[in-house]
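Structure assessment
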Amino acid sequence: MEYTREEQEAIVSVLYNLAHADFRNHELENAVYQECLKELNFSDESFVPCPKDELQSKIYDTLKHLSKEKKHDFSLMMTKIARSDGEFGVLERKFVMEILDMCNIPFVAR
């Protein structure tokens, strides 16, 4: 699927923050995060993800306007990262639910 640069940056920012939501950097989460970057065709060593406290003001609007198919893929990426370390923790779950609710994205488990 083809994503615009704006869509890529919004998705990557969320995925980055999700991978660090529990304040632990697991190798498995990082590996899945890297897989998602490849799936998005995103590579930019100088890119700095949007900080979590700025997501709502800077990227939620972009996520709200993703196509149905892109929302599905994005939701699946979040699920993969959140479950990659074997624990879908409270902080991760809260973060994912906020994104799903605020951006009108369906929950996709598989």
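Residues numbered from 1 in each chain as written. Predicted model: local features only at pLDDT ≥ 70, side-chain atom pairs only at ≥ 80, totals over all residues. Heavy atoms only, no water.

A word on helix H6 (residues 90-102). If you check H6, its first and last C-alpha atoms are 18 Å apart, about what 13 residues at 1.5 Å a residue would give, namely 18 Å. Against the buried residues of H6 lie helix H1 (5-19), helix H2 (27-39), helix H3 (55-58), helix H4 (60-64) and helix H5 (68-83). Phi turns positive one or two residues past the end of H6, at asparagine 104, with a value near 55 degrees. (Helix = DSSP H or I, 4+ residues; strand = E, 2+ residues; numbered from the N terminus. Expected span 1.5 Å × (residues − 1). Contact = heavy atoms within 4.5 Å.)

On to the environment of glutamate 69, then. If you trace the backbone, glutamate 69 turns up in helix H5. Spatially, the C-alpha atom of glutamate 69 lies 22 Å from that of serine 43, the residues being 26 residues apart in sequence.

When you line up the elements, methionine 102 lands in helix H6. Between the alpha carbons of methionine 102 and leucine 63 there is a distance of 9.2 Å; along the sequence they are 39 residues apart. With sequence-adjacent residues up to four places away left out, methionine 102 is seen in contact with Gln56, Tyr60 and Lys64.

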